[in-house]
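Tertiary structure, described
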Amino acid sequence: MKLQASHLYKSFGAQDVLSDASLTVKGNEKIALVGRNGCGKTTLLKMICHLEEPDQGSVVIASGTRIGYLSQITFEDEERTVYEELLTVFDELTTLQARLESQALVLEHDASSAQLEKYEKLQNRFEALGGYDYEYELKNVFFHFQFEEADLHKKLREFSSGQRTRIGLVKLLLTKPDVLLLDEPTNHLDIESIEWLEGYVRHYPGAVILVSHDRMFLDHVVDEIVEIEFGKTMRFPGSYSHYVKAKEEYIERNHDAFVRQQEEIARISALIEKFRYKKNKAAFAQSKIKYLDRMEKIEDVKTDQSAIKARFTSGRKGGKRVLEVDHLQIGYTDPLCEVDLLVMKGDRLGIVGPNGIGKSTFIKTLVEKLPALGGSFHFGHQIDLGYFDQDSAQITSSQTVLDTLWDAYPQTDQTQLRNTLASFLFTQDEVFKEVYNLSGGEKVRLALACLMLAHDNVLLLDEPTNHLDIPAKEALEKALEAYDGTILFVSHDRMFLKKMANRIMEMGATSKVYNVGYEEYLEKKAQHTLVEAAREAVAAPAPIKQEKLSFNESKALKNRVAKLEKLLEEAEVDLEALRELRFEPEYYQDYRKMEELDAQIDEKHNEIAAYTKEWEEKMEKLEGEAS
C-alpha cells in the first residue's frame, strides 16, 4: 500500500466539505476524483500531501513514498532560466556527471586499476539513473507543453502565470514521484498537448490521482473512478464512461432493493401487529421483531439531481447563408492565419488548431473586437449575433447576480429573470450574491444566462465549457443540441467537439474546412483521407421514387419485420442479463472479468443496433408501400 486516507472529515466554517471520504492507493493505479465543483476534490488532494489537515480521520503514507503535487512546485529564483530551473530536478545526475568528468581527467595521468574501478562505479551509477538520457527527457517533456527551444533560455519572470503553471507541470513530471497528484492538468493546453499528456500519464510508472473535467482525458487515462458526492466517496472500477453507466445501474438497482425491503418490512410489521397480543402467537411476533432489528437496512441512495435547464432559441429565423469569409487575414500586427469560409444555417462549426494560431482572434474579428488585417467577411440577412468568451465570463462587479441580468435586459420582469437564473442554478438568496464573489464556474453560468435571454440566431462561442463541471457541461451540450440556430465555436474539450460539431475548421497558415464531425475528422486525418469541403453549398439530390412491391415481396418484408421484432426482444433480455452480472462480486471485484463483460455488453448493443437499423429500413419500405 502506498497511501490510505480513511474517513476524512473537513469543514470550512459552517460548510461541511468532506464528511466520510476514503481513498486507498496500493499499486500504480490511475485514479480520477470526480464530482461537482466545490464537492471537495482539491481539498482531498491537499490533505494527501498535507497542505490541509483533516478535522477527523487520517492520511497514512507508506515510508519512502514520494508524493508530487503541482501547487508544491515553486520557483525560488525567477531570475533563473527555465533550463537552469528544470535542471535542478537532476541535481544528483549533474553532480555525478561533474565527478565523472573530473575522474576522466585523473585517468589521463593515472590509469591504475583503482582509478579505473572508481570511474567504472561512477559510470554505472550515472547510467542506472538515466544519465545519458536526462537532457533528452527534459526537452521532450518541455517541448510537448507548447514551448520552443528558445524558451529554455528565457528567465522564469518573462512568462505569464499560465505558462509558469505549465513549466511547473513539466518540473513535476520530471521529478517522477511515486504518487503523482494532478489538479486540472489539461488547463491551458491545446489538443495536441492534451493527447501527449494522456499517453504520458497512462504509461506513468507510478500511481496517479487526478482531478479533471475533461471526460475524454479520463476515458483514455484512468482505470478507477472515485466519486465524491455529499461529502462521501464511492469507488467505481473502469473508465469514466463505464462509471457513468455503472452509477446509473447502481442507483436503479439499489432503489429497487430499497423498495422491495420496505415492502417486506411493511409486510412483517403488519404480521407483528396482527399477532403480538395473541398468546399463542406472541413468540412468533417476538421472533419477527428480532428479525427486523437484525435486518441490515438498505438506504435509498441520494444523488445530486441539480442541473442547468437552459433552452437557447432564436428570435428570428435569419437568412440561409449565415456567413461568407473571403481571404480574411486575422492577427494583431502580422497575420496569424487566412480564412476562407461559407457558413450555412444550422451549421455547428468546431474550430480547432494549436494554441496561438488565431482561433480566438478569428472570433474576435467576426464580432469586430479586432480589425481585419486583410480580406473581408459578411453576415447574411437578419443575422443576430450572440458572443461568449472567457473575458465576458470573468466579469468583476459589485452588482448582484440579479441586478447584472436586469441591467442587461431592463424590459424583462423580475419573475422571468429569476426563472432564468434558476435554470442556471442561481436560486433563492444566490441571486443576491455579488458578482466578484462568484466562482469561475458561476460566472460562466451567469454569462450563459445573459446569452440565452438574447435569443440570437447565431452563437459565437470561445471555450464555453471552461470552469464548468461535468454535469454543467453535459447540460449545456443538451441545450445547444436542441438550439434552432447556427453555432461557431472554439473548444479544447474533445467530448464537446465530438457531440456538437457537424463541420470542422482546422486553422493553420491557411484555414481548411471539412464537412465531417470531430470523430470522423480525427479518423480520416489519421488515415490521411481528409477531403477539404468545397466552398459553395451543394444542393441535396432529389429523392428516388420507390417502385411498388409485389405481393410476395411485401409478405417477405412483413415476415422479416416480425422476426426482427422477436430477435430484438430476445436480445434486450440477453442484454439485461449481462447487465445484472455487473453487480456480482465475481465480476466487480475482478477488473479483467469486468472488461470482458463490458465487451460482451458492447457486442450485444451492436447486435441490437444492427437489428434496429434493419427493422427501420424494412418498416420504411412497408410504410412507403402503404402511402
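Heads up: these notes are all about the structure in this document. (Residues numbered from 1 in each chain as written. Predicted model: local features only at pLDDT ≥ 70, side-chain atom pairs only at ≥ 80, totals over all residues. Heavy atoms only, no water.)

Notes on the overall build of the chain
Within the chain, the regular secondary structure consists of 20 helices and 18 strands. Taking as baseline every contact in the chain between residues at least 6 positions apart, the subset at least 24 positions apart corresponds to 68%. Surface exposure of the chain reaches about 33,500 Å², of which carbon and sulfur atoms provide 49%. Measuring between centres, the 80 positive side-chain charges of the chain sit 6 Å from its 108 negative side-chain charges. (Helix = DSSP H or I, 4+ residues; strand = E, 2+ residues; numbered from the N terminus. Contact = heavy atoms within 4.5 Å. Areas by Shrake-Rupley, 256 points an atom, 1.4 Å probe, with all protein chains shown as cover. Lys, Arg positive; Asp, Glu negative; His and termini not counted. Charge placed at Lys NZ, Arg CZ, Asp CG, Glu CD.)

Considering the pairing of strand β1 (residues 3–12)
Examined bridge by bridge, β1 and strand β4 (residues 56–61) share five bridges and lie antiparallel to one another. By the bridge assignment, Tyr9 is partnered in β4 with Gln56. Looking at chain direction, β1 and strand β2 (residues 15–25) are connected through seven bridges and run antiparallel. Residue pairing in the sheet places Leu3 in a bridge with Val25 of β2. Connecting the antiparallel pair β1 and β2 is a turn made up of two residues, with Gly13 showing a positive phi of about 65°. (Pairing = 2+ DSSP bridges.)

Some remarks on the pattern of salt bridges
Within this structure, the stated rule accounts for 36 salt bridges. Note that Arg80 and Glu85 form a salt bridge whose closest N and O atoms lie 3.0 Å from each other. Taking the relative accessible area as the measure of exposure, Arg80 reaches 26% and is therefore partly exposed. Overall, Glu85 belongs to the buried group, its relative accessible area being 1%. (Salt bridge = Lys/Arg side-chain N within 4 Å of Asp/Glu carboxyl O. Buried < 20%, exposed > 50% of the residue type's maximum accessible area, 1.4 Å probe, protein only.)

Considering helix α18 (residues 551–581)
The end-to-end C-alpha distance of α18 is 46 Å, a good match for the 45 Å that 31 residues give at a rise of 1.5 Å each. Among the residues of α18, Ser554, Leu557, Val561, Leu564, Leu567, Leu568, Ala571, Leu575 and Leu578 are the ones counted as buried. (Expected span 1.5 Å × (residues − 1).)

Details of the pairing of strand β14 (residues 385–388)
Alternating positions in β14 separate cleanly, Gly386 and Phe388 being buried on one face and Leu385 and Tyr387 remaining unburied on the opposite face. Where β14 lies against strand β15 (residues 458–462), four bridges are found, and the strand directions are parallel. Directly across from Gly386, in β15, lies its bridge partner Leu459.

What about the sheet that holds strand β13 (residues 374–379)?
The three strands are arranged β11-β10-β13 in an open sheet whose pairing can be described as antiparallel. Sheet topology places β11 (335–344) and β13 at the edges, where each strand pairs with a single neighbour. For this sheet, the mean angle separating the axes of adjacent strands, direction not counted, is 15°. The pairing of strand β10 (residues 321–331) with β13 spans five bridges and is antiparallel. Residue pairing for β13: Val325 is matched across the bridge by Phe377. Helix α11 (residues 359–366) rests against β10, β11 and β13 of the sheet, and its axis sits at about 120° to β10. (Axes fitted to C-alpha atoms, helices over the stretch in contact; angles between N-to-C directions.)

Focus on unusual backbone geometry
Even without a glycine there, the phi angle at Phe230 is positive, about 55°. Tracing the backbone shows Phe230 in the loop between β8 (224–229) and β9 (232–237). Of note, the phi angle at Glu368 is positive, near 65°, even though the residue is not glycine.

Re the packing of aromatic side chains
Counting across every chain of the model gives 15 aromatic pairs. With a centroid separation of 6.0 Å and an interplanar angle of 55°, the aromatic rings of Phe142 and Phe143 are classed as tilted. Given a relative accessible area of 31%, Phe143 falls into the partly exposed group. Between Tyr240 and Tyr243, the ring centres sit 5.5 Å apart and the planes meet at 50°, which makes this aromatic pair tilted. (Phe/Tyr/Trp six-rings, centres within 6.5 Å; stacked < 30°, edge-to-face > 60°.)

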